[in-house]
Amino acid sequence: NAGVMQNPRHLVRRRGQEARLRCSPMKGHSHVYWYRQLPEEGLKFMVYLQKENIIDESGMPKERFSAEFPKEGPSILRIQQVVRGDSAAYFCASSPRGLYSTDTQYFGPGTRLTVL
Amino acid sequence: DAKTTQPPSMDCAEGRAANLPCNHSTISGNEYVYWYRQIHSQGPQYIIHGLKNNETNEMASLIITEDRKSSTLILPHATLRDTAVYYCIVRGMDSNYQLIWGAGTKLIIKP
């Protein structure tokens, strides 16, 4: 049973370019969470999505960042016009259920974004 | 802010039991204690979770005090591959799908 998959594992962008990070949840999981980890820090929640719905995006910067989880295909975290401060590891997690459950969130290997 | 406090670092000899403490004095009745670990540059790995009873799985044991204000994660026979940052996280069933991560404990297993 494949775990959470993320790609690319490493992404290098120049300032002003766009970054697209993809996450395929575990089989049977319809809830996806994105977290960001700056160097030497713990993970910070960004956004929680169900299929075709954004449930909570309170941790996501208001500008340049967007996320989606379409009916078919992976969840996408999109960062427009990247800046050096966006350099971080971005982790995706998935669970069978989300709100009002304590289902365990299982994490992918992450995408390491470097902005030059 | 994280609702847990953990020592920043610990050492343990290979083959011995590693006991990692966590304080969560403000935990409420419907909140669970979760443990994850992060081996350098990898995604967080789920270890174990519990509500009030002690729990054991193939990776570790979780001992929760009777008043639930603290817990201990036990790795019974630590190996070098257990070197990682260990995170203790409290979460409930309402809006706490947002896992709130503290600084964790850097556990170093020494040969």
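That block above? That's the structure.
Procedures and definitions
- Residues numbered from 1 in each chain as written.
- Chains lettered and ligands numbered in written order.
- Predicted model: local features only at pLDDT ≥ 70, side-chain atom pairs only at ≥ 80, totals over all residues.
- Heavy atoms only, no water.
- Contact = heavy atoms within 4.5 Å.
- Buried area = accessible area lost by both parts, 1.4 Å probe.
- Salt bridge = Lys/Arg side-chain N within 4 Å of Asp/Glu carboxyl O.
- Polar contact = N/O pair within 3.5 Å; in protein donor to acceptor, adjacent residues only side chain to side chain.
- Helix = DSSP H or I, 4+ residues; strand = E, 2+ residues; numbered from the N terminus.
- Nonpolar A, V, L, I, M, F, W, Y, C, P; charged D, E, K, R; others polar.
- Phe/Tyr/Trp six-rings, centres within 6.5 Å; stacked < 30°, edge-to-face > 60°.
- Buried < 20%, exposed > 50% of the residue type's maximum accessible area, 1.4 Å probe, protein only.

1. What about the interface of chain B and chain A?
Note on interface size: it is often stated as the accessible area lost on association of the parts.
Here comes step 1: Listed per partner, the contact involves 21 residues of chain B and 23 residues of chain A.
Here comes step 2: Each partner contributes to the roughly 1,800 Å² buried at the junction of chain B and chain A, and carbon and sulfur atoms together form 53% of this total.
Here comes step 3: Where chain B touches chain A, the interface holds zero salt bridges.
Here comes step 4: In this structure, the connection of chain B to chain A is made through six residue pairs in polar contact (both at pLDDT 80 or more).
Here comes step 5: The set of elements that each furnish at least two residues to the side of chain B that touches chain A consists of β3 (32–38), β4 (45–50) and β8 (84–91) of chain B.
Here comes step 6: In terms of residues, the side of chain B that touches chain A owes the most to one element, β3 of chain B, which gives four residues.
Here comes step 7: Class assignment of the residues belonging to the side of chain B that touches chain A gives a composition of 10 nonpolar, nine polar and two charged.

2. Quick word on the packing of aromatic side chains
Here comes step 1: Summed over the entire model, instances satisfying the criterion amount to 11 aromatic pairs over all chains.
Here comes step 2: Ring centres of Phe 107 of chain A and Trp 101 of chain B lie 5.6 Å apart, and the angle between their planes is 80°; on these two criteria the pair is classed as edge-to-face. Separated into two different chains, Phe 107 of chain A in strand β10 (residues 106–107) and Trp 101 of chain B in the loop between β8 and β9 (105–110) make up a pair that spans both. Each member of the pair Phe 107 of chain A and Trp 101 of chain B is classed as buried.
Here comes step 3: Between Tyr 36 of chain B and Tyr 46 of chain B, the ring centres sit 5.9 Å apart and the planes meet at 75°, which makes this aromatic pair edge-to-face.

Function cannot be inferred from these measures alone, as they are strictly geometric.
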